[in-house]
Amino acid sequence: MRAEEVDLLIIGAGMAGLTAGARAVHNGLSVTVVEIGEDVGGSALFAGYAWTAPSHDVMDQQNPYGDTALKRALVERFPEGVSWIRSLGVDIKDAQRVLGFGRGHQFDTHQYVATCRQAIRRGGGTLLLETRAESLVVEDGAVTGAELRLADGTHTQVRAGSTLIATGGFQGDTELRATHVHPRAGGMELRSNPFSRGGGYRLATSVGAATGHDDAGFYGHLIPSGIPFADPADFVDLSLYYSEHALLFNLANDRFVDETLGDHLTAMALLEQPEGRGLLIADARVFRDWVVGSYVEGAVAVDKFALADKRGGRVGLAEDLDELAYLPEEWGYRGDAVRDAVKRFNEHAAAGLEPSPGRKLDRLPLDEPPYYVIEAVPAITFPFHGVRIDDRARVLRGDGEPLPGLLAAGSDTGGLWRRAYAGGIASALVFGLTAADTATATATASHTTD
C-alpha cells in the first residue's frame, strides 16, 4: 500500500466534485479526485441549466422548511457561481425564468465538465477513475483521508487536510430509497446516472455524520407508466412537465394535489397515492400550449403524448368529454367517475369557484376537446434526504458541531430541500465552490501553523 498526502481529497466527480476540484487548484491546493465511474460528469451531463430562487423571499415561499442558513447561502452565492462558470470560458446564457418562480442560466454542462477536468489536471491534481473509496480514515476524531480501491484492484490510502463527499446522492440504491424516501420509492424509474448508489452517504454516516429528515422527499418528475428509460435523452423527453396545467386523478378517481404548483411536487404526491400511479388528463388547450411546448425557453419541444403512445404507454384520446367514460377496465380507473370529476372541475372553473384541491396558478377549465390521457408514475433524480452540512459545507455531527476534516456538497447533502426544490445544479455549484474555499482556509491555517 502506498500513501500520498493532499490538501483536498474529493470523492465523486460530478458537478459538485469537479467544481470543488477546479476551484481548489485555482486556489493553489493539491487535489486528488476519486470517481467510481468510467468517466467524470455524473448527472450533470444530463442537465442544461443552473437556476434557483432569485431572492430570499421567493426561496422562503417555495421552500419554507429548508435549512435557513443553507437557503441564504444558495441565493446569495449563486451569482458568484455564474461568474465562476464564465471565468472558465464556458458559454452561459443570460438569465431567464425557470419553473415560474426561478431565475437561471442555460449552459453547456458537457463543456463545463471537460473544462473543470482540464483545470484540475493542469493545476497538478490527480484524477482516479473506476476507483472506490472504501472507508474514511479517522484520527483523534477528525477525518484525515480515505482508503481507496483502485481500478486495478490494488489499495492505497490518501491522507488529506480536507475530504469532500460529492458522490451525487443515493438514488441508484433501491434499499436506501425505500428506507429514506418512501417504501414504494425503490420501484421508481431512475432519471439520473446509475453510479450514485449512496457511497458517500454510507462513508459519512459511518463516521458519525448527521442526516436530514426521512420525509424530505425527492426531486423527480412524472413519466408515462410502463415505459423504461432507453437512454439519458428520455430523462427530459418522457418527463410530463405539462402536468402543471393538466388534471391528475388517483386510482380512487379523485384529484389529490394542486397540480399547478409544479410537476416535481406532484411527483412526490403521486408516490404516496395507492400503487403510486395516476391518470393525467389534458385538453386541446393544454396540448397545444404545453404538451408540445418547451418547458423552459430555448428547450427543444417534444410531443410527449405521441412519444408515450409510440413507446407503448397507457395513453388514450377522447374526442369529447363523454368518451372519457370508456377508459379500459384493466387500467383500474372508473371512466364515468373521471368524466364526472372533469365536468365538475370545469363547472366550478367557469363559475369562478375554487376547486378542491386548489389550482393556484392555472384555474382555466379543461373544456376544449379532444382530451389527451396518459397514465403517469413518478421517476426520481435524487433524494432530498442526505448528510447534514453547515453553510461552509462542513459535515455536521449529531450534536450539530462540524465533524473535523469532512465536507459534503451536491446531492449527498440533506437539509436544504424539504418537500420543495429550487435547483440541484445551482446547489452543487455553490456548495462545491464553498467546499473548496473552506478547504483552502483549512490548508492555509495548517501551513501557517507548520
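The coordinates are above.
Conventions adopted
- Residues numbered from 1 in each chain as written.
- Predicted model: local features only at pLDDT ≥ 70, side-chain atom pairs only at ≥ 80, totals over all residues.
- Heavy atoms only, no water.
- Core = buried A, V, L, I, M, F, W, Y, C linked by side-chain atoms within 4.5 Å.
- Buried < 20%, exposed > 50% of the residue type's maximum accessible area, 1.4 Å probe, protein only.
- Helix = DSSP H or I, 4+ residues; strand = E, 2+ residues; numbered from the N terminus.
- Contact = heavy atoms within 4.5 Å.
- Salt bridge = Lys/Arg side-chain N within 4 Å of Asp/Glu carboxyl O.
- Expected span 1.5 Å × (residues − 1).
- Arc of directions from axis to C-beta.
- Pairing = 2+ DSSP bridges.
- Axes fitted to C-alpha atoms, helices over the stretch in contact; angles between N-to-C directions.
- 1 Å grid on protein atoms, 1.4 Å probe; cavity = no way out; pocket = protein on both sides within 12 Å on 5 of 7 lines; lining within 4 Å.
- Points joined across faces, edges and corners; volume = space filled by probe spheres on them.
- Nonpolar A, V, L, I, M, F, W, Y, C, P; charged D, E, K, R; others polar.
- Polar contact = N/O pair within 3.5 Å; in protein donor to acceptor, adjacent residues only side chain to side chain.

Trainee: How should I be thinking about the nonpolar core in this particular structure?
Mentor: For soluble globular proteins, nonpolar side chains are generally found buried alongside one another. The biggest cluster of nonpolar side chains holds 126 residues, and the ones touching the most others in it are Phe-107, Tyr-112, Leu-164, Tyr-242, Trp-417 and Phe-431. Counting residues per element, this core draws most heavily on helix 12 (residues 424-449), which supplies eleven residues. When sequence neighbours within four positions are dropped, the list of residues in contact with Trp-417 reads Met-59, Asn-63, Leu-74, Ala-216, Phe-382, Phe-384, Ala-422 and Gly-423. In this structure, Leu-247, Phe-249, Leu-321 and Trp-331 belong to the second largest nonpolar core, which totals 18 residues.

Trainee: Before we go on, may I ask you to explain unusual backbone geometry in this structure?
Mentor: The general pattern is negative phi for most residues beyond glycine and trans for most peptide bonds. Cis geometry is adopted by the peptide bond preceding Pro-357, which originates at Ser-356 and carries an omega value of -5°. Tracing the chain through its elements places Pro-357 in the loop between helix 11 (335-350) and strand 15 (371-383). In this structure, Pro-370 follows Pro-369 across a cis peptide bond, with omega equal to 5°. The phi angle at Glu-130 is positive, at roughly 50°, despite the residue not being glycine. Mapped onto the secondary structure, Glu-130 falls in the loop between strand 6 (126-128) and strand 7 (132-139). Look at Asp-140: it is not a glycine, yet its phi comes out positive at around 50°. Locating Asp-140 in the fold gives a position in the loop between strand 7 and strand 8 (142-149).

Trainee: What is the right way to look at the pattern of salt bridges in this model?
Mentor: Note that side chains of opposite charge can pair when their charged atoms are close. One pass over the structure, following the stated rule, counts 26 salt bridges. A salt bridge links Arg-288 to Glu-368, with the nearest nitrogen and oxygen atoms 3.0 Å apart. One end of the pair, Arg-288, is in helix 9 (residues 284-291); the other, Glu-368, is in the loop between helix 11 and strand 15, and 80 residues separate them in sequence. Residue class for Arg-288 comes out partly exposed when judged on its relative accessible area of 46%. For Glu-368, a relative accessible area of 30% corresponds to the partly exposed category. Across the salt bridge formed by Glu-354 and Arg-363, the nearest N and O atoms sit 3.1 Å from each other. On the basis of relative accessible area, Glu-354 is assigned to the partly exposed category, the value being 40%. The network of salt bridges with common partners includes Glu-275, Arg-277, Arg-314 and Glu-375.

Trainee: How should I be thinking about helix 4 (residues 109-122) in this particular structure?
Mentor: Between its terminal C-alpha atoms helix 4 stretches 20 Å, which fits the 20 Å expected from 14 residues at 1.5 Å a residue. Every buried residue belonging to helix 4 is among Thr-109, Tyr-112, Val-113, Thr-115, Cys-116 and Ile-120, and all of these are buried. Buried residues along helix 4 cover an arc of 165° about the axis, so they all sit on one side. Count one or two residues on from helix 4 and you reach Gly-124, which has phi positive near 90°.

Trainee: Which parts of the structure should I look at to understand the sheet that holds strand 3 (residues 49-52)?
Mentor: Strand pairing in a sheet is mediated by backbone hydrogen bonds. Such pairs are either parallel or antiparallel. Spatially, three strands are ordered 3-5-4 in an open sheet, and the strand pairing comes out antiparallel. Strands with a single pairing partner mark the edges of an open sheet, and in this sheet they are strand 3 and strand 4 (96-98). Across the sheet, the mean angle from the axis of one strand to that of its neighbour is 40°, orientation sign disregarded.

Trainee: Sorry, what's going on with the pairing of strand 3 here?
Mentor: Side-chain positions along a regular strand alternate between the two faces of the sheet. Judged by which residues are buried, strand 3 turns out to be covered on both faces: Tyr-49 and Trp-51 on one side and Ala-50 and Thr-52 on the other are all buried. Sheet analysis places strand 3 next to strand 5 (residues 102-106), joined by four bridges and oriented antiparallel. Counted as the bridge partner of Trp-51 is Gly-104 from strand 5.

Trainee: How do you make sense of empty space enclosed by the protein when you look at a structure like this?
Mentor: Space left empty within the atom packing is revealed by a probe, the size of a water molecule, rolled over the atoms. Overall, the coordinates contain two cavities of 30 Å³ or more when judged by the stated rule. Within this model, the largest cavity holds a volume of roughly 80 Å³. Phe-382, Pro-383, Phe-384, Gly-410, Ser-411, Thr-413, Gly-414, Leu-416, Trp-417, Gly-424 and Ser-427 together form the lining of the largest cavity. Of all the elements in the fold, those that place two or more residues in the lining of the largest cavity are strand 15, strand 19 (413-414) and helix 12. Taken together, the residues that form the lining of the largest cavity break down as five nonpolar, six polar and no charged.

Trainee: Can you walk me through helix 9 in this structure?
Mentor: Along an α-helix, residues three or four apart share an orientation, since each turn contains 3.6 residues. Among all positions in helix 9, only Ala-284, Arg-285, Val-286, Phe-287 and Val-291 are buried. Contacts from the buried residues of helix 9 go to strand 13 (278-282), helix 10 (304-310) and strand 15. Among the residues of helix 9, the N-terminal cap falls to Asp-283, whose side-chain oxygen and the backbone nitrogen of Arg-285 are separated by 3.2 Å.

Scope: geometric values only; no functional claims are made or implied.
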